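Coordinate inspection notes
Read off the chains here:
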Amino acid sequence: MIRAGGLVAFPTETVYGLGGNALDVEAVARIFSAKERPHFDPLIVHAADAESALSFARDVPDIAIGLAAHFWPGPLTLLLPKKDAIPDLVTAGLPDVGLRVPDHPFALAMLREAGCPVAAPSANPFGRVSPTTAIHVMEQLGHRIDMVLDGGPCRVGIESTVLRLGPGRPSILRHGGVTQESLEAFLGPLESVTSPLAETVPQTSPGQLLQHYSPRTPLSILPTWDAALPEVKKLGGLAFQAPPCPERFDRLEVLSPTGDFVEATARFFAALRSLDASGVDLIVATPFPQVNLGRALNDRLFRAAAKAQYIDG
């Protein structure tokens, strides 16, 4: 299906991707069309192994080879100068391409069998909650694509970290499944460039738009659970650990009773999707600790809030 120019949703360790042959401009255009994704938002290119992935980059620095050996397969995307074989449509006309090797046996088997790099954003309508099961994909995109490869729930549950290599110090453009702490243990201090960009210009990385990962139900962020809760008919809550007032919610999703970041991250999008489908009028949440995977969770939470401000109580 991939070799024929079709679109296949497939599991990775992060979220389900919507894949097409990255060297086929028509297939890439179909990805944008199926997602209703603006062409200024670039795609990440997936390959079966590090050698294949880095073969689509020019002037690969030694540090990229070292990062690939240490973190691939895994939830890390390296942003490097692209070779001409990668169509400009994949990179939103920019000179760099995001490359990664996913850590999922189905994804790797598919990539090896296809024999080509696969461009794949998350398999959901643009700007909406990312899918972490095949059912999520079918509910939102099943009528627009050719095939869904069901590999069960995604283990990591949020998208990959995007790391730009040069010029200057490496910088994180999107926090994700590889933590800043892990990267800094390998590279030393990093810059973090994750502030939202203008929404009409090419984005240097996926996931940088201010409004992203959004449920249809309004989502607001409380500074703490001690703040006064808003008065609405049905209130939903998204909590890292159990809040002090669980009885106040008509629907409550607790991501990790023990405060485990890995568990919370794996459940984040599914919990947000469940709250969105529950019929509540408003979802409220509080920020995660800004360490470890909490950085990536906060990034998703604030963008999902769709320009909402803190509720001060």
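All of the points below concern the structure found in this document. (Residues numbered from 1 in each chain as written. Predicted model: local features only at pLDDT ≥ 70, side-chain atom pairs only at ≥ 80, totals over all residues. Heavy atoms only, no water.)

1. A short note on the pairing of strand S14 (residues 282-285)
The alternating pattern of S14 places Leu282 and Val284 on one face and Ile283 and Ala285 on the opposite face, and all of these are buried. Two strands pair when backbone bridges link them, and strand S11 (residues 219-221) and S14 are joined in this way by three bridges, in the parallel orientation. Looking across to S14, one finds that Ile221 is bridged to Ala285. Two strands pair when backbone bridges link them, and strand S12 (residues 235-239) and S14 are joined in this way by four bridges, in the parallel orientation. The partner of Leu238 across the bridge, within S14, is Ala285. (Buried < 20%, exposed > 50% of the residue type's maximum accessible area, 1.4 Å probe, protein only. Helix = DSSP H or I, 4+ residues; strand = E, 2+ residues; numbered from the N terminus. Pairing = 2+ DSSP bridges.)

2. Quick word on the packing of aromatic side chains
Applying the stated criterion across every chain, the model contains six aromatic pairs. Between Phe268 and Phe288, the aromatic rings sit 6.2 Å apart at their centres with planes inclined by 70 degrees, giving edge-to-face as the arrangement. One end of the pair, Phe268, is in helix H7 (residues 261-276); the other, Phe288, is in the loop between S14 and helix H8 (294-304), with 20 residues separating them in the sequence. A relative accessible area of 0% places Phe268 in the buried class. Through a chain of ring-to-ring contacts, the aromatic side chains of Phe240, Phe261, Phe268, Phe269 and Phe288 assemble into a single cluster. (Phe/Tyr/Trp six-rings, centres within 6.5 Å; stacked < 30°, edge-to-face > 60°.)

3. Observations concerning unusual backbone geometry
For the bond running from Trp72 to Pro73, omega is -5 degrees, close enough to zero to count as cis. Of note in this structure, Glu36 is not a glycine but carries a positive phi near 55 degrees.

4. A few points about the sheet that holds strand S3 (residues 44-46)
Strands sit in the order S7-S1-S2-S6-S3-S5-S4-S8-S9-S10 across an open sheet of 10 strands; the sheet is mixed. The two strands at the open ends of the sheet, each matched to only one other strand, are strand S7 (147-148) and strand S10 (191-192). Strand direction decides the pairing type here: S3 and strand S5 (residues 96-100), joined by three bridges, are parallel. By the bridge assignment for S5, Ile44 is matched with Gly98. The sheet strands contacting helix H4 (residues 105-114) are strand S1 (8-10), S3 and strand S6 (118-119), and the helix crosses S1 at an angle near 145 degrees. (Contact = heavy atoms within 4.5 Å. Axes fitted to C-alpha atoms, helices over the stretch in contact; angles between N-to-C directions.)

5. Quick word on the sheet that holds S14
Spatially, the four strands line up as an open sheet ordered S11-S14-S12-S13, and their pairing is parallel. Looking along the sheet, the strands with just one partner apiece sit at the ends: S11 and strand S13 (251-254). Pairwise comparison of adjacent strand axes, ignoring direction, gives a mean angle of 20 degrees for this sheet. As judged from the four bridges shared by S12 and S13, these two strands associate in the parallel manner. By the bridge assignment, Leu238 is partnered in S13 with Glu253. On top of the sheet, H7 reaches S11, S12, S13 and S14; it is set at about 180 degrees to S13, its chief contact. Strands in contact with H8 are S11, S12 and S14; relative to S11, the strand with the most contacts, it is inclined by about 125 degrees.

6. Section: the nonpolar core
Ranked by size, the top nonpolar core spans 43 residues in total, and within it Trp72, Leu78, Leu99, Leu163 and Leu183 carry the most contacts. Listing elements by their share of this core, those giving two or more residues are helix H1 (25-35), helix H2 (50-54), helix H3 (62-71), strand S4 (76-81), S5 and helix H5 (134-141). In terms of nonpolar packing, the next biggest core, distinct from the first, is built from 27 residues, Ala264, Ala271, Phe288 and Leu301 among them. (Core = buried A, V, L, I, M, F, W, Y, C linked by side-chain atoms within 4.5 Å.)

7. Things to note about the pattern of salt bridges
Taken as a whole and assessed by the stated rule, the structure comprises 13 salt bridges. The partner of Glu36 in a salt bridge is Arg144, and the shortest N-O contact between them spans 3.2 Å. Separated by 108 residues along the polypeptide, Glu36 in the loop between H1 and S3 and Arg144 in the loop between H5 and S7 bring together distant segments of the chain. The partner of Asp299 in a salt bridge is Arg303, and the shortest N-O contact between them spans 2.9 Å. Highlighted residues: Asp299 and Arg303, both in helix H8, separated by four residues, approximately one helical turn. Owing to a relative accessible area of 11%, Asp299 belongs among the buried residues under this scheme. Accessibility expressed as a relative area gives 5% for Arg303, which makes it buried. Because the salt bridges share partners, they merge into one network encompassing Glu159, Asp299, Arg300 and Arg303. (Salt bridge = Lys/Arg side-chain N within 4 Å of Asp/Glu carboxyl O.)

8. Some words on the packing of H3 against helix H6 (residues 180-187)
Packing of H3 against H6 leaves a shortest axis separation of 11 Å and a crossing angle of 130 degrees. As the angle between them shows, H3 and H6 are arranged oblique. In the packing of H3 onto H6, the handedness of the crossing is right-handed. Touching Ile63, Gly66, Leu67, His70 and Phe71 of H3 are Ser182, Leu183, Phe186 and Leu187, all from H6. Residue composition of the contact of H3 with H6, grouped by class: six nonpolar, three polar and no charged. (Parallel < 35°, antiparallel > 145°, perpendicular 65-115°, else oblique. Left-handed = near helix turned anticlockwise from the far one by under 90°. Nonpolar A, V, L, I, M, F, W, Y, C, P; charged D, E, K, R; others polar.)

Structural measurements only, silent on function.
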